[in-house]
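# Fold and contact review
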Amino acid sequence: MGVNQTYENYFKAYYKTKQGKRAQRNAHLKRFHRMSIEECEKLFKKQLGKCAICKQKEVNREYLSVDHCHKTKKLRGLLCLKCNTGLGLFCDSAKLLNAATIYLHT
């Protein structure tokens, strides 16, 4: 077993620990959303641990998704997987979402 294999095994084991998962989440938040894990946790507490749209707690995942405007990159809030996916499938279009609302009421 080479040196690279030893490091690979170390990092695999580390990222399975609570500390490693937190470090990995922090790196993701900084890279993709320009926010720290502390800022994310503050927003999570502000939203009472619930999705900003449906007001439900995430049940199938450890955390809520960070939602942002794809044009401006501005952070909007934390969403459950279903709501985040729904917005994505509607291309973040208020016009399409309004059309869907009208359709549902017919």
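Scroll up to find the structure.
So, here's what we can say about the structure. (Residues numbered from 1 in each chain as written. Predicted model: local features only at pLDDT ≥ 70, side-chain atom pairs only at ≥ 80, totals over all residues. Heavy atoms only, no water.)

## Quick look at the packing of helix 2 (residues 18-33) against helix 3 (residues 37-46)
Packing of helix 2 against helix 3 leaves a shortest axis separation of 9 Å and a crossing angle of 90 degrees. Here helix 3 runs roughly perpendicular to helix 2, going by the angle between their axes. Along its contact with helix 2, which presents Arg22, Arg25, Asn26 and Leu29, the element helix 3 presents Ile37, Glu38, Cys40 and Glu41. Its residues placed into classes, the contact of helix 2 with helix 3 shows three nonpolar, one polar and four charged. (Axes fitted to C-alpha atoms, helices over the stretch in contact; angles between N-to-C directions. Helix = DSSP H or I, 4+ residues; strand = E, 2+ residues; numbered from the N terminus. Parallel < 35°, antiparallel > 145°, perpendicular 65-115°, else oblique. Contact = heavy atoms within 4.5 Å. Nonpolar A, V, L, I, M, F, W, Y, C, P; charged D, E, K, R; others polar.)

## As for the nonpolar core
Ranked by internal contacts, the top residues of the largest apolar core, which has 13 residues, are Leu29, Cys40, Val66 and Leu78. The element best represented in this core is helix 3, accounting for three residues. Look past the residues within four positions of leucine 29 in its chain and what remains in contact with it is Arg34, Met35, Ser36, Ile37, Cys40 and Val66. (Core = buried A, V, L, I, M, F, W, Y, C linked by side-chain atoms within 4.5 Å. Buried < 20%, exposed > 50% of the residue type's maximum accessible area, 1.4 Å probe, protein only.)

## Some words on the pattern of salt bridges
Counting across every chain of the model gives five salt bridges. Residues aspartate 92 and arginine 76 are paired through a salt bridge, measuring 3.2 Å at the closest nitrogen-oxygen approach. In this pair, aspartate 92 is assigned in the loop between helix 4 (81-89) and helix 5 (94-104) and arginine 76 in strand 2 (residues 75-79), connecting sequence segments 16 residues apart. We classify aspartate 92 as partly exposed; its relative accessible area is 27%. A relative accessible area of 42% places arginine 76 in the partly exposed class. One connected set of salt bridges, linked through shared partners, spans Arg22, Glu38 and Glu41. (Salt bridge = Lys/Arg side-chain N within 4 Å of Asp/Glu carboxyl O.)

That's the geometry; what it means functionally is another story.
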